[in-house]
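# Geometric and topological summary
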Amino acid sequence: MNYHVMTLFPDMITNAMSESITGRALKAGYLALEAVNIRDFADNKHNRVDDYPYGGGAGMVMQAEPVYRCYEDIMTRIREQGGSAAAKVIYLTPQGKVFDQQMAKEYAKEEDLIFLCGHYEGIDERALENIVTDYVSIGDYVLTGGELPAMVVIDTVSRLVPGVLNNEESAETESFSDGLLEYPQYTRPADYNGKAVPEVLLSGHHANIEKWRHEKSLERTRKFRPDLYEAYIKEHPEESR
Ligand code: 4G3
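Throughout what follows, the structure given in this document is the object of discussion. (Residues numbered from 1 in each chain as written. Predicted model: local features only at pLDDT ≥ 70, side-chain atom pairs only at ≥ 80, totals over all residues. Heavy atoms only, no water.)

What follows concerns the overall build of the protein. When its secondary structure is counted, the protein shows eight helices and nine strands. Projected onto the principal axes, the alpha-carbon positions of the protein cover approximately 70 × 40 × 40 Å. Considering the protein as a whole, with its 241 residues, one finds that 40% of them fall into the buried category. Here the analysis covers contacts within the protein between residues at least 6 apart in sequence; of these, 71% occur between residues at least 24 apart. Carbon and sulfur atoms form 49% of the exposed surface of the protein, whose accessible area is close to 14600 Å². Put simply, the protein has 25 plus and 40 minus side-chain charges, and the middle of one group is 5 Å from the middle of the other. (Helix = DSSP H or I, 4+ residues; strand = E, 2+ residues; numbered from the N terminus. Buried < 20%, exposed > 50% of the residue type's maximum accessible area, 1.4 Å probe, protein only. Contact = heavy atoms within 4.5 Å. Areas by Shrake-Rupley, 256 points an atom, 1.4 Å probe, with all protein chains shown as cover. Lys, Arg positive; Asp, Glu negative; His and termini not counted. Charge placed at Lys NZ, Arg CZ, Asp CG, Glu CD.)

Below is the structure:
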């Protein structure tokens, strides 16, 4: 997977992604990441890339031309590396479709993903019309920029890319793989300040352990995410209680 991020704060992206599991996967070559500074494509000697909004109002708007030139620069490299001319361009915005695990699964099939991070009050609509394929939001709140949302999408997609997780970290049995929340986990000691680990987990009876974990998943999902619980029961009516 090759990630390309258009941003005014490229270090924010490369610094954060160089840590932990994504950092390991970048080193090992399962992932590639370039953060491209939109400011490098400014057409004036002051390197300004924003201006006042037509029609008035608060804040500044990012200009179309630097964004478009940044995109062309990235697309040139993608073509040189044999990538698709139809690479998706994901614009992170509170106006987008709310990101979920299913969207991450679809994105994980792509060879290249381009992210556009806005700041100020957004980006000139004409640049968006020309290059953006997907409008994506990570939830109903407003941030100072699209960088954190882009990294949320990149992180979520990355752990679905073959080779990124090792066997112990595998993405198979976990929240959302079957639409339920995860069951609780315990490790040593067996007694922590008088709180014991549930007996079944010490029994070595694997069928009973699986049954207990599934019940805990159902119980938690019903309590904390009734919306997910209802969707699950629709698919598995025999498990209704
Ligand atoms: C574009 C995304 C970008 C328009 C971006 C604000 C929250 C999200 C921005 C705009 C963002 C999100 C930058 N904040 N919920 N801020 O995914 O109004």
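After that view, the rundown keeps rolling.
To continue, consider the sheet that holds strand β1 (residues 2-7). Strands sit in the order β2-β1-β6-β5-β7 across an open sheet of five strands; the sheet is parallel. At either end of the open sheet lies a strand with only one pairing partner, and these are β2 (32-37) and β7 (134-137). Taking each pair of neighbouring strands and ignoring which way they run, the sheet shows an average axis angle of 30°. As paired elements, β1 and strand β6 (residues 112-117) share five bridges and run parallel to each other. (Pairing = 2+ DSSP bridges. Axes fitted to C-alpha atoms, helices over the stretch in contact; angles between N-to-C directions.)

What follows deals with the nonpolar core. Membership of the largest hydrophobic core comes to 26 residues, with the highest contact counts inside it found for Tyr-3, Tyr-107, Leu-113, Phe-115, Val-136, Val-153 and Val-157. Secondary structure elements with two or more residues in this core: β1, α1 (10-17), β5 (88-98), α4 (101-107), β6 and α6 (147-158). With near-sequence residues (within four places) excluded, Leu-113 lies in contact with Met-1, Asn-2, Tyr-3, His-4, Lys-88, Ile-90, Tyr-107 and Val-157. Counting residues in hydrophobic clusters, the runner-up holds 25 residues, among them Val-36, Phe-41, Ile-74 and Leu-116. (Core = buried A, V, L, I, M, F, W, Y, C linked by side-chain atoms within 4.5 Å.)

Attention shifts here to the packing of α1 against α6. Viewed as axis vectors pointing N to C, α1 and α6 meet at an angle of 30°, and their least axial separation amounts to 10 Å. α1 and α6 meet at a crossing whose hand is right-handed. In this structure, α1 uses Met-12, Ile-13, Ala-16 and Met-17 to contact α6, whose residues at the interface are Glu-147, Leu-148, Met-151 and Ile-154. Taken together, the residues of the contact of α1 with α6 break down into seven nonpolar, no polar and one charged. (Left-handed = near helix turned anticlockwise from the far one by under 90°. Nonpolar A, V, L, I, M, F, W, Y, C, P; charged D, E, K, R; others polar.)

A separate point is helix α2 (residues 20-28). Looking only at α2, the buried set comprises Thr-22, Gly-23 and Ala-25. The arc that holds every buried residue of α2, seen down its axis, measures 165°, which confines them to one face. Exposed residues lying more than 90 degrees from the buried face of α2 are Ser-20 and Lys-27. Downstream of α2 by a residue or two, Gly-29 has a phi angle that is positive, lying close to 85°. (Arc of directions from axis to C-beta.)

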